[in-house]
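Residues per chain are reported as follows:
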Amino acid sequence: MITRKWMAAAVIGAGVAVTAPAVAADGKGDKQSVGEYVTDATISTKVRAAFVADKALSALDIAVETNDGVVNLTGSVATSEQVNHAADVTRGVDGVKQVKNDIKVDPGKAK
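In what follows, the accompanying structure is described. (Residues numbered from 1 in each chain as written. Predicted model: local features only at pLDDT ≥ 70, side-chain atom pairs only at ≥ 80, totals over all residues. Heavy atoms only, no water.)

## A short note on the overall build of the protein chain
Along its length, the protein chain carries 3 helices and 3 strands. In the protein chain, the order of α-helices and β-strands from amino to carboxyl end is α-α-β-β-α-β. The 111 residues of the protein chain split such that 29% are buried. Considering only intrachain contacts with a sequence separation of at least 6, the fraction spanning at least 24 residues in the protein chain is 66%. (Helix = DSSP H or I, 4+ residues; strand = E, 2+ residues; numbered from the N terminus. Buried < 20%, exposed > 50% of the residue type's maximum accessible area, 1.4 Å probe, protein only. Contact = heavy atoms within 4.5 Å.)

## Side note on the sheet that holds strand β2 (residues 70–77)
What the 3 strands build is an open sheet, ordered β1-β2-β3; its pairing is mixed. Strands with a single pairing partner mark the edges of an open sheet, and in this sheet they are β1 (62–67) and β3 (98–105). Here the strands of the sheet are splayed against their neighbours by 10° on average, with no regard to which way each runs. The pairing of β1 with β2 spans 6 bridges and is classified as antiparallel. Opposite threonine 66, over in β2, you have valine 71 as the bridge partner. Its contacts with the sheet put helix α3 (residues 80–91) on β1, β2 and β3, and the angle it makes with β3 is roughly 160°. (Pairing = 2+ DSSP bridges. Axes fitted to C-alpha atoms, helices over the stretch in contact; angles between N-to-C directions.)

## Some words on the pairing of β2
Here β1 folds back onto β2 in antiparallel fashion, the turn holding 2 residues, of which aspartate 68 has a positive phi close to 55°. Of the strand pairs in this sheet, β2 and β3 are connected by 8 bridges, and their pairing is parallel. Each residue of the ladder has a partner; that of valine 70, found in β3, is glutamine 98. Between the parallel elements β2 and β3, the chain passes through α3 in a crossover that is right-handed. (Right-handed = clockwise from strand over helix to strand, strands pointing away.)

## Focus: the pattern of salt bridges
Pairs may arise between side chains of opposite charge once their charged atoms sit close together. Taken as a whole, this structure holds 2 salt bridges when the rule is applied. The shortest N-O distance in the salt bridge between aspartate 88 and arginine 91 comes to 3.1 Å. Of the two residues, aspartate 88 and arginine 91 both sit in helix α3, 3 residues apart, roughly one turn of that helix. (Salt bridge = Lys/Arg side-chain N within 4 Å of Asp/Glu carboxyl O.)

## Re the nonpolar core
Grouped together as the largest cluster of nonpolar side chains are 19 residues, with contacts concentrated most on Val47, Phe51, Ile62, Leu73, Ala86, Val96 and Ile103. Residue assignment for this core shows that the elements contributing at least two residues are α2 (34–53), β1, β2, α3 and β3. With near-sequence residues (within four places) excluded, isoleucine 103 lies in contact with Ile62, Leu73, Thr74, Gly75, Ser76, Val77, Val83 and Ala86. (Core = buried A, V, L, I, M, F, W, Y, C linked by side-chain atoms within 4.5 Å.)

## What to know about the environment of valine 105
Following the sequence through the fold, valine 105 ends up in strand β3. Since its relative accessible area comes to 42%, valine 105 is described here as partly exposed. In this structure the C-alpha to C-alpha distance between valine 105 and serine 80, which are 25 residues apart in sequence, comes to 6.1 Å. Among residues more than four places away in sequence, those in contact with valine 105 are Val77, Ala78, Thr79, Ser80 and Val83.

Just distances and angles here, no functional claims.
Here's what the structure looks like:
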């Protein structure tokens with residue numbers, strides 16, 4: 001249990017550290033203010049933490065990106081129930097305005 005929490009903390013921390021420079025270096029015209037970016041990063045972190053806390057989901061299998069409160073989920077899970085469950089968990093996080101669920105089913109991930 002403790003190992004799972006440490007691994008989750010490392011994944012979440014690495015996600016924030018990797019995402020920040022990528023967004024900052026983005027040359028696209030649709031810029032976010034610092035406040036918007038911090039809010040989106042916070043939402044993404046909360047969603048990842050909710051996945052870690054949920055025994056039916058693996059935070060390592062699902063990528064989370066947030067832009068203006070719209071959360072995009074990608075990755076793969078074992079069942080369609082997990083796809084729907086990930087979207088439901090995401091909708092339960094404060095600040096989430098909309099969920100775009102692009103998670104794919106990979107039966108090879110079944111335990």
